[in-house]
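Now for the letters of each chain:
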Amino acid sequence: MDFGAGFSLIDIRPLTPEITMICTGLILLLLDLVVKKKEAIAVLGIIGTIVAIFATYRLYAFNETRSIFLEMFALDGYANFFKIIFYINVILTICISFRYMKIEKASIGEYYALLMFATTGMMIMASAADLIVLYLGLELMALSTYILAGLMRKQRKSNEAALKYFFLGAFSSAFLLYGISLTFGLTGTTNIQDIAGLVSSLSIADNAIMHLAVVFLIVAFGFKIALVPFHMWAPDVYEGAPTSITAFMSVGPKAAGFAVLGRVLFEAFGDMQIMWSSILVPLSILTMAVGSIIALAQTNIKRMLAYSSVAHAGYILLGIIAGTTDGLISSVNYLMIYMFMNMGAFAIVIMLRSEGFQGEELEDYKGLAKTNPAAAALMLVFMFSLTGIPPTAGFIGKFYVIMEAINAGDMYLAITAVVFSVISAFFYLRVVMYMYMNDPKETVILTKSPSMTFALALTTVMVLVLGVFPSVLLNLVRSSIIS
Amino acid sequence: MKYALIPLLPFIAFVLNIVFGRNYIKDRAHWIAVPAVFGSFVLAVSAFTDVLSGNVININLYSWITSGDFHVTVGFLIDQLSAIMLIVVTSISTLIFIYSIGYMHGDGGYYRFFAYLSLFVFSMLVLVMANNFLLMYFGWEAVGLCSYFLIGFWFHKKSAADAGKKAFIVNRFGDFGFGLGVILIFLTFGSLDYMQVFGQAGSLLGQTIDLFGYDVDLATLICLLLFCGAVGKSAQIPLHVWLPDAMEGPTPVSALIHAATMVTAGVFMVARCNPLFNMSEIAMNTVAIVGGVTAIFAATIALVQNDIKRVIAYSTVSQLGYMFLALGVGAYSAGIFHLYTHAYFKALLFLGSGSVIHALHHAKHDDEQNMQKMGGLRKHMPLTYRVFIIATLSITGIPFLAGFFSKDEILWRAFLGGELGRFLWLLGTIAALLTAFYSWRLIYLTFHGSYRGGEGQEQHIHESPKVITVPLMFLAFGAIFAGYVGIPPLFVEHGDKIGEFLAPVLGHPEGHGTHVQEFFVMGASIFVALAGWIVAYTMYLKKTDLPQKIGSLFKPIHTLLFNKYYIDELYSRSIVQPVLKASDKIILAFDTYVIEGIVNGLPNLIGLFSRKFRTVQTGFLANYGLVMAFGVLCIIGYMIFVR
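Worth saying up front: this structure is predicted, and the values here are computed from it rather than measured. (Residues numbered from 1 in each chain as written. Chains lettered and ligands numbered in written order. Predicted model: local features only at pLDDT ≥ 70, side-chain atom pairs only at ≥ 80, totals over all residues. Heavy atoms only, no water.)

1. Notes on the overall build of chain B
- The number of helices and strands found in chain B is 25 helices and 4 strands.
- Here the C-alpha radius of gyration of chain B, 28 Å, is about what a compact globule of 643 residues would show, namely 26 Å.
- Along the three orthogonal principal directions, the C-alpha set of chain B runs to about 95 × 60 × 50 Å.
- Across the 643 residues of chain B, 57% fall into the buried class.
- Contacts spanning at least 24 positions in sequence make up 78% of the contacts within chain B whose residues lie at least 6 apart.
- Roughly 26700 Å² of accessible area belongs to chain B as shown, and the carbon and sulfur atoms make up 67% of that amount.
- Across chain B, the centroid of the 39 positively charged side chains sits 10 Å from that of the 36 negatively charged ones. (Helix = DSSP H or I, 4+ residues; strand = E, 2+ residues; numbered from the N terminus. Rg over C-alpha atoms; globule rule 2.2 N^0.38 Å. Buried < 20%, exposed > 50% of the residue type's maximum accessible area, 1.4 Å probe, protein only. Contact = heavy atoms within 4.5 Å. Areas by Shrake-Rupley, 256 points an atom, 1.4 Å probe, with all protein chains shown as cover. Lys, Arg positive; Asp, Glu negative; His and termini not counted. Charge placed at Lys NZ, Arg CZ, Asp CG, Glu CD.)

2. Topic: the packing of helix α12 (residues 301-322) of chain A against helix α13 (residues 325-352) of chain A
Residues and elements named next belong to chain A.
- Axis separation between α12 and α13 bottoms out at 8 Å; the angle between their running directions is 170°. By the angle between their axes, α12 is roughly antiparallel relative to α13. Touching Ile301, Lys302, Leu305, Ser309, His312, Tyr315, Ile316, Gly319, Ile320 and Ala322 of α12 are Gly327, Leu328, Ser330, Ser331, Tyr334, Leu335, Tyr338, Met341, Ala345, Phe346 and Val349, all from α13.
- Grouping the amino acids of the contact of α12 with α13 by side-chain chemistry returns 14 nonpolar, 6 polar and 1 charged. (Axes fitted to C-alpha atoms, helices over the stretch in contact; angles between N-to-C directions. Parallel < 35°, antiparallel > 145°, perpendicular 65-115°, else oblique. Nonpolar A, V, L, I, M, F, W, Y, C, P; charged D, E, K, R; others polar.)

3. Description of the interface of chain B and chain A
- Contacts between the two partners involve 29 residues from chain B and, on the opposite side, 44 residues from chain A.
- Carbon and sulfur atoms supply 79% of the area buried between chain B and chain A, which totals about 3000 Å² over both sides.
- Connecting chain B to chain A are 0 salt bridges.
- Our count for the contact surface shared by chain B and chain A stands at 5 residue pairs in polar contact (both at pLDDT 80 or more).
- Listed by contribution, the elements that provide at least two residues to the side of chain B that touches chain A are β1 (57-67), α24 (567-607) and α25 (621-642) of chain B.
- Tallying contributions element by element places α25 of chain B first for the side of chain B that touches chain A, with 12 residues.
- Per-class residue counts for the side of chain B that touches chain A are 20 nonpolar, 7 polar and 2 charged. (Buried area = accessible area lost by both parts, 1.4 Å probe. Salt bridge = Lys/Arg side-chain N within 4 Å of Asp/Glu carboxyl O. Polar contact = N/O pair within 3.5 Å; in protein donor to acceptor, adjacent residues only side chain to side chain.)

4. Some words on the pairing of strand β4 (residues 214-217) of chain B
Residue and element names in this part refer to chain B.
- The sheet contact formed by strand β3 (residues 208-211) and β4 spans 4 bridges and is antiparallel. Residue pairing in the sheet places Leu211 in a bridge with Tyr214 of β4.
- What sits between the antiparallel neighbours β3 and β4 is a turn of 2 residues, in which Phe212 has the positive phi angle 50°. (Pairing = 2+ DSSP bridges.)

5. Section: unusual backbone geometry
- Note that the residue after Val228 of chain A, namely Pro229 of chain A, is joined by a cis bond; omega there is 10°.
- For the bond from Pro390 of chain A to Pro391 of chain A, the omega torsion is 5°, close enough to zero to count as cis.
- In this fold, Pro391 of chain A is placed in the loop between α15 (373-387) and α16 (393-407).
- Residues other than glycine seldom take positive phi values, yet Ala226 of chain A does so here, at roughly 60°.
- Note on placement: Ala226 of chain A falls in the loop between α8 (208-224) and α9 (233-240).
- The phi dihedral of Ala235 of chain B falls on the positive side, at around 55°, and the residue is not glycine.

6. Observations concerning the pattern of salt bridges
Residues and elements named next belong to chain A.
- If you walk through the whole model with that rule in mind, you get 25 salt bridges over all chains.
- Measuring nitrogen to oxygen at the nearest pair gives 2.7 Å for the salt bridge that ties Glu239 to Lys157. Within this pair, whereas Glu239 is found in helix α9, its partner Lys157 is found in helix α6 (residues 156-187), the two being separated by 82 residues in sequence.
- Residue Glu239 is classed as buried on the basis of its relative accessible area, which comes to 13%.
- Here Lys157 falls in the partly exposed class, since its relative accessible area comes to 43%.
- Of the charged contacts, one joins Lys302 and Glu360 as a salt bridge, the two residues approaching to 3.5 Å between their closest N and O atoms. Here Lys302, found in helix α12, pairs with Glu360, found in the loop between α13 and α14 (368-371); they are 58 residues apart in sequence, far enough to count as distant.

7. As for the packing of aromatic side chains
Residues and elements named next belong to chain B.
- Taken as a whole and assessed by the stated rule, the structure comprises 59 aromatic pairs over all chains.
- Their ring planes at 45° and their centres at 4.7 Å tell us that Phe11 and Phe122 sit as a pair that is tilted. Taken as a pair, Phe11 in helix α1 (residues 5-25) and Phe122 in helix α4 (residues 110-129) lie far apart in primary sequence, 111 residues in all.
- Accessibility expressed as a relative area gives 30% for Phe11, which makes it partly exposed.
- Measuring from centroid to centroid gives 5.7 Å for Tyr340 and Tyr344, while their planes differ by 85°, and the two rings are edge-to-face. Here Tyr344 and Tyr340 lie together in helix α15 (residues 332-362), a separation of 4 residues that amounts to about one turn.
- Taking NZ or CZ as reference, Arg378 lies 6.0 Å from the ring centre of Tyr385, over its face.
- Above the plane of the ring of Phe415 lies Arg422, whose end atom (NZ or CZ) is 4.2 Å from the centre. (Phe/Tyr/Trp six-rings, centres within 6.5 Å; stacked < 30°, edge-to-face > 60°. Lys NZ or Arg CZ within 6 Å of the ring centre and 35° of its normal.)

Without other data, these values stay purely geometric and don't point to any function.
Following this line, the structure appears as structure tokens:
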């Protein structure tokens, strides 16, 4: 392959968002040595992300979506839309981290740099047009998040979380590499679009080894999006990691996992849709079931939200199972909505953490409506949204994925989703009940900051606005994916 | 398009007040809320003139959800019916908002009060302006929620919090039926849009549906389900119990929500669905009978109550009964006409009583709503007294005030409605007699005689400030003149302007009678109005020992009425307590068996497969890896053996 010929500076343009993020991360690392006020570093992180957003905005109408870096990098609407999710995710994470990391005495510059690197990894995953690039992005994201999970070095739980996540992550990476090598062995390429052509021209869609490769890829991506039974790490890691990182991980890597799952299954193995749908159906049912049922018994809100995020992965999967463009649209739509409501809920959890008070137990929410009516009202909105009660955005998200399941003829799957959605109401609304029906045990002091207010305002407004005007987001997703 | 602002302005006021009220707006909340509702009023007037010149507005603002054949749109229909409702809701809201500035002055939750009240106005306007059933249902539930917030506004008072809960729960029963009705409409017509549903209403004729093995007339079923909602919201028998308790809320709330607007939503809804109700005689008769019986039933209770607001509350229930009576005999426009006049004189009664309560409160009266502890307030509050007299003359149907025209129209239409109609007319006329009696009783106990409150309070009783009395005067104006849009043709040719205006939506009532009959009906209602007045005058002004004597003479009846027919007790014994006990048990059982079952049982279940898997979430890394590997093997096995 001749890298020299035809390579010019103009080819870097499609990569400007990623380059911006990486450079921001590196600058943050360097500044950490000289800048004492870590908040300044955080603000710089946000500024870097905003620059990257601007770069992506400029590239949204970029015509050459494919032939970038010898067809290794895709810059289509699909990738760009996922990047928007990652940007908002990282900005919200930084906003809710300011005061929290100080309280946890883990306010260090690396934290923000690692957030940048992890986000870059996700962006590369979303843009990957080649399995090797996909793997690189995934590892960049994964390695950064392993460290982030263990950032509270003095806490055993945090260390444990990092170690577990690392080992199991390595295990899942092995599956990914197996899947990639089997695919390469059968088709002789790692390019996602070429695979699709070769699968049909070599007529290996019914080949058992090909099936095995797809299974391995699903397992590896399923690990990232915490599908049952590859979700075992999630509760422990979510509980042990710093809460802001839990929030970050419950959205970012999950969305990135869905991005690559959607691209690989729809683009590379579109001909094998019946086969992978039939694997995903039981996984999705199991995921919804285990997530919702075990969440019932949790007393720690971080663990509860961990299982809830497992359950939501099951719902999001419904759109992918449908195997249609509309199905994919409904899933991506759900992801965006899920980000806002989940981030909002975690923001409230973080607010409860104050000097000398963990605020992670469900019991701590008792009587919150009396001591902090505003925070309780916001939590109520997020819990309603996570349950899927109109007119919040959560309802819209669930409505469309379930509708797609019905349109695809999976009636029983739709019914299962509704049933588990009802079950999930129990543990979400229990938080609401604690807040509004019980008397406060002790006065909870909230840790407030302007950036936290911003994050809460943004998430609340989005949860409500997208619930009332869902077509705005839906049309954006549709135009991005169909482009 | 600009008419979308009619509900939007109060909504903006709500958002501003709820977000910034606590820290920034505080006591200036009315500077946002009052201009907002007044703006809505101005727009409503403009919409009304638009409709008057023949433009019916029906626009879809946007689609909320579109998926295949399923469309949910947000859109508004401003026709003759909703135009009148818009005028009623926005004009009364504006006056009551102004009144609240004085009434709620200094309350700790001042901004919260205006926020909720604005949210209520928004919801009510959405309910009225909706052009499809789902949006109406949204408004319907939203006004219920606001009512709950506002009844329990003083939530630290246990009785207020309980009353709020009661209103909410009782309404659940009715709304459940209403929700089913809406679903059934969607299943039948495949749409929730008014125009499409009402356009196909004729196809309901003769259709039946299989319900538990019985063939039920579809139209009847739909209408009765819808009517369930109306019974709950408009406090008709047997779901009337929440309204009197709702008086725990601040008086402006009672006036706006529980007299003038929200409780009339049921009447509005039935009138709106008249193409459906016309398809079912059974449903129509049910509406008429429930209305007629409620009218007289609530009036009897009002005879002996001592709480000034409760008397007016029962009076409201009774007047709502009149409206349903009118709807049930097919005189939809008469029902809406009464809704419109009632809004003014009933709001006036409530706000007047609020003025009295306000004055007594400032005089440190310890039982400020008990009429037995009032008396002689006429000299201290001359203005309140005068508007009270006007409202009473209006509600009792004294000729040429607003209430006379609308009540007379209802009774006349009932009279023409066959045998059932005659019977209902009789009920209505007796109820009118009772109305006159309890209304004048209220006046005499409150304003005449000598002061019966505590020592040293009387000199502290003063007329309320301007901000309270000016809205009263506006409402008094309405209570006198609002009826002149519906003068019976007997007096003025084409005098029934409102009936003709509403005819495109509500149709013309059937039945014609002679002039002699009409004079008879009118004479009878004037006669009972005067008779009730005279009896009250004798009992409470001339021979003040008479009530005592009569009370002891008919002691069982008095006790029965005083205790509101023991219906609350009946519900408590037969429904509330058993449900509470059962739910306690269910929650306990759920906790012990389901939750603990999951905590303990699920690991045990898996333990059956492998002893090492005693608890899945062991925390041991190796186990987690094992589960993953096991999962992969299962999938591969599934691939090989199942597929």
